[in-house]
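Each chain, written out:
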Amino acid sequence: MPQYFLGVDGGQSSTTALIADEAGRVVGTGLGGPCNQAGAIQSSLHAACEEAGLNPASARFASACLGLSGGTAGKESILAEMVSSDRTLVTDDAHIALTGATAGLPGLVVIAGTGSIAFGRNSAGRTARAGGWGYLFGDEGGAFWIARQALRAALRWEEGWGAPTSLRARLLDATGTRSINDLLHRCYTAEFPRPRVASLAVLVNDAAERDDPSALEILDSAARELALLAVAVRAQLFQAEDPTLVTYVGGVFRSRILLGRFRAWTEPEAAVRVAQPVYGPAIGALLEAYRAAGMAIPDFQYPAQRKPVS
């Protein structure tokens, strides 16, 4: 009887469930909403089972890994009712992001979406992290941080004590506000929750692509902060001379300028190599499911008509 493995990436904005067989062939994919909504995991799992030809009500997995945004506290009992598995690992989203990005090899990943964090694991299996303190005390280099720096730069110019920047016009046009001061006050209301503020970070990249000095400075500062997270994690896990793989995940790294500056700030560290991620977090969860079952990590195979899920 074939064995199946389950990997779930439960993120802040969406949930992805993947089912694969013993050979690493992905046979089922399911998508759901944010993982803080309990039904998102259930609906994504249901969809993945149906695509795999399994009965969602009776499917049992040889091993399962669920990586959840916001940590694992208090979630194990609820998940045990949803997922039937011989072995179940419940962990956080940074763990599966690392495993996917390095394909299970030692190294570290810098995650920069709305917020930011770096997470690593060495050849002895020891892990370490830096950052991830949330928007009040940290998340340097993340999209919210970048958008906040843009608002500050535009506000300074509007008040007459900052350099001229195209960011002001871009922010006003994108939000339909009268002034940066008006936008600033709206950011303290429910009209502009953190994800909406963070979405303004793309305007900084657009301005930087057109050589806006303030925007370029913001992206360089963001890249430096993210590089510092990587350096901090590396120092905890590796010796100075140890070859170290550094990878990256998250929407912030879609910026060509920021990624280039991140490489420039990171790679001068001895023996560091920055590389694009091998797989996304959902595959990382599958890899951890295989690892938990004591199996060798396979090369994943996808149906020809569908792109790999990242």
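Scroll up to find the structure.
These lines cover the structure that appears in this document, whether it is placed above or below. Here the structure is a predicted model, which is why all the values come from computation and not from measurement.

**Re the sheet that holds strand 5 (residues 88-92)**
- Pairing in this open sheet of five strands is mixed, and the strands run 3-2-1-4-5 from one edge to the other. Each edge of the open sheet is held by one strand with a lone partner, namely strand 3 (26-32) and strand 5. On average, each strand axis in the sheet is inclined to that of its neighbour by 10°, with strand direction left out of account.
- Two strands pair when backbone bridges link them, and strand 2 (residues 15-21) and strand 3 are joined in this way by six bridges, in the antiparallel orientation. Paired with Leu18 across the two strands is Thr29, which belongs to strand 3.
- Packing against the sheet, helix 3 (residues 93-101) makes contact with strand 1 (4-10), strand 4 (63-68) and strand 5, and its axis sits at approximately 100° to strand 5.
- Those strands touched by helix 11 (residues 281-292) are strand 1, strand 2, strand 3, strand 4 and strand 5, and its axis lies near 140° from that of strand 1.

**Some thoughts on the pairing of strand 4**
- A large share of strand 4 lies buried, amounting to six of its six residues.
- Residues Ser63, Cys65 and Gly67 line one face of strand 4 and the alternating positions Ala64, Leu66 and Leu68 line the opposite face, and both faces are buried.
- With six bridges joining them, strand 1 and strand 4 adopt parallel strand pairing. Residue Asp9 lies in a different strand from strand 4, and its bridge partner there is Gly67.
- Direction of pairing for strand 4 relative to strand 5: parallel, over a ladder of five bridges.

Quick notes on the rules
Residues numbered from 1 in each chain as written. Predicted model: local features only at pLDDT ≥ 70, side-chain atom pairs only at ≥ 80, totals over all residues. Heavy atoms only, no water. Pairing = 2+ DSSP bridges. Helix = DSSP H or I, 4+ residues; strand = E, 2+ residues; numbered from the N terminus. Axes fitted to C-alpha atoms, helices over the stretch in contact; angles between N-to-C directions. Contact = heavy atoms within 4.5 Å. Buried < 20%, exposed > 50% of the residue type's maximum accessible area, 1.4 Å probe, protein only.

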